[in-house]
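The residues making up each chain are set out below.
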Amino acid sequence: MENTPQQQLDLIAQMIKTAQRRFYDDSPFYIIWGSAVMIASLIQYVLLLNHNEYNAIGWAILIPTATLLQLVFIRKQQKKATSKTHIEQVLNHMWFAFGISLFIVLINANKLQLNTYPVVLCLYAISTYISGSALKISAFIVGSIICWIAAAIAFFVSFETQLLLLAAGVLFAYLIPGILLRKLEKEAA
Amino acid sequence: MFKELDPLLHSQLRLAIISLLISVEEAEFSFIKEKTNASAGNISVQLDKLQQAHYIKIEKSFKGKYPLTTCSITQKGIKAFKDYTQTLQQYIQPTKNK
């Protein structure tokens, strides 16, 4: 069968598109972490208002749960994945760097004191901005801008208000874009 | 003058495989089979031809208990693909390349 140059170009375009459709598989991570951090922040905020000494209980329960769920999803994804895209590779490295940075910041929270959450919000903004730019999803970019604004404000407010800013930051940077990503994933399927 | 199209890439399946591999870091055999809808036998033959030309690299390993074939494009393959698409463009818009 003789192929015209146009048919060949169409085939190339179609194959490139089909190979790149797997970008949306990461939606569970954004939804899990977005929900966990938002709920834990709000629980601590409410408990602090009620002078409850166990105000960090939300973090103690939700962070290990989110970590466990993430490990389950990574395992599931690794089994399912039959290809690795260049962008996925870059984003994996970015998330690794983010994890290390966040760990260093959080274990030094005693030294950073009230500066901890603003720095965390900056880290969220960086990771979300890079994800959004790489995946070309504007909801992430908007979320990252909101996180940067929240970070800038958080340096000047009380710990309780920082918790609300953190909740708002992850809502716009992780949870809402994550849900949108899931929708795109379903549409592409 | 039209440049000659690379005969190795001027086949539907081989071009489809190279186009898939150009857009990913690496791909498993099952991914190529799923996306091209071609038979396993046909894909194996074409992968072999592309490997002999050093356009792609094939690695054989195991995923659990099952054998796994992973393919990735080489620098030579990327260059061949680039030249091929440029030549195709020349055929479509000949005036631009005179």
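Residues numbered from 1 in each chain as written. Chains lettered and ligands numbered in written order. Predicted model: local features only at pLDDT ≥ 70, side-chain atom pairs only at ≥ 80, totals over all residues. Heavy atoms only, no water.

## Things to note about the interface of chain A and chain B
Each side of the interface is counted separately: chain A has 23 residues, and chain B has 27 residues. A buried area of about 2,200 Å², summed over both sides, lies between chain A and chain B, and 62% of it is on carbon and sulfur atoms. Here chain A is connected to chain B by one salt bridge. Our enumeration of links across chain A and chain B arrives at nine residue pairs in polar contact (both at pLDDT 80 or more). Looking at the side of chain A that touches chain B, the elements that each hand over two or more residues are α1 (5-19), α3 (57-80), β1 (83-85) and α4 (86-107) of chain A. It is α1 of chain A that contributes the most residues to the side of chain A that touches chain B, ten residues altogether. Of the residues in the side of chain A that touches chain B, the class split is nine nonpolar, eleven polar and three charged. (Contact = heavy atoms within 4.5 Å. Buried area = accessible area lost by both parts, 1.4 Å probe. Salt bridge = Lys/Arg side-chain N within 4 Å of Asp/Glu carboxyl O. Polar contact = N/O pair within 3.5 Å; in protein donor to acceptor, adjacent residues only side chain to side chain. Helix = DSSP H or I, 4+ residues; strand = E, 2+ residues; numbered from the N terminus. Nonpolar A, V, L, I, M, F, W, Y, C, P; charged D, E, K, R; others polar.)

## Some details on the packing of aromatic side chains
All names here are of chain A. Per the stated rule, a full pass over the model turns up ten aromatic pairs over all chains. Geometrically, the ring pair formed by Trp59 and Tyr117 is tilted, given 6.4 Å between the ring centres and 35° between the ring planes. In this pair, Trp59 sits in helix α3 while Tyr117 sits in helix α6 (residues 116-135), placing the two residues 58 residues apart along the sequence. For the pair Trp59 and Tyr117, one class covers both residues: buried. Seen from their ring centres, Phe98 and Tyr124 are 6.0 Å apart, and the 35° between their planes marks the pair as tilted. Residue Phe98 is found in helix α4, and its partner Tyr124 is found in helix α6; the two are separated by 26 residues along the sequence. Tyr124 matches Phe98 in its accessibility class, with the two residues each being buried. An aromatic cluster of three or more residues is present, and its members are Tyr30, Trp95, Phe98, Tyr124, Phe140 and Tyr174. (Phe/Tyr/Trp six-rings, centres within 6.5 Å; stacked < 30°, edge-to-face > 60°. Buried < 20%, exposed > 50% of the residue type's maximum accessible area, 1.4 Å probe, protein only.)

## Looking at the sheet that holds strand β3 (residues 66-73) of chain B
Sheet strands associate in pairs through backbone hydrogen bonding, adopting either a parallel or an antiparallel arrangement. Across the sheet, which stays open at both edges, the four strands sit in the order β1(A)-β1(B)-β3(B)-β2(B) with antiparallel pairing between neighbours. Among the strands making up the open sheet, the edge pair consists of β1 of chain A together with β2 (56-63) of chain B. Averaged over all adjacent pairs, the angle separating strand axes in this sheet is 20°, with direction ignored. Pairing geometry for β2 of chain B and β3 of chain B, over eight bridges, is antiparallel. The residue bridging Lys57 of chain B from the neighbouring strand is Ser72 of chain B, located in β3 of chain B. With respect to the sheet, helix α2 (residues 29-36) of chain B is in contact with β1 of chain A together with β1 (24-28) and β3 of chain B, its orientation differing from that of β1 of chain B by roughly 90°. (Pairing = 2+ DSSP bridges. Axes fitted to C-alpha atoms, helices over the stretch in contact; angles between N-to-C directions.)

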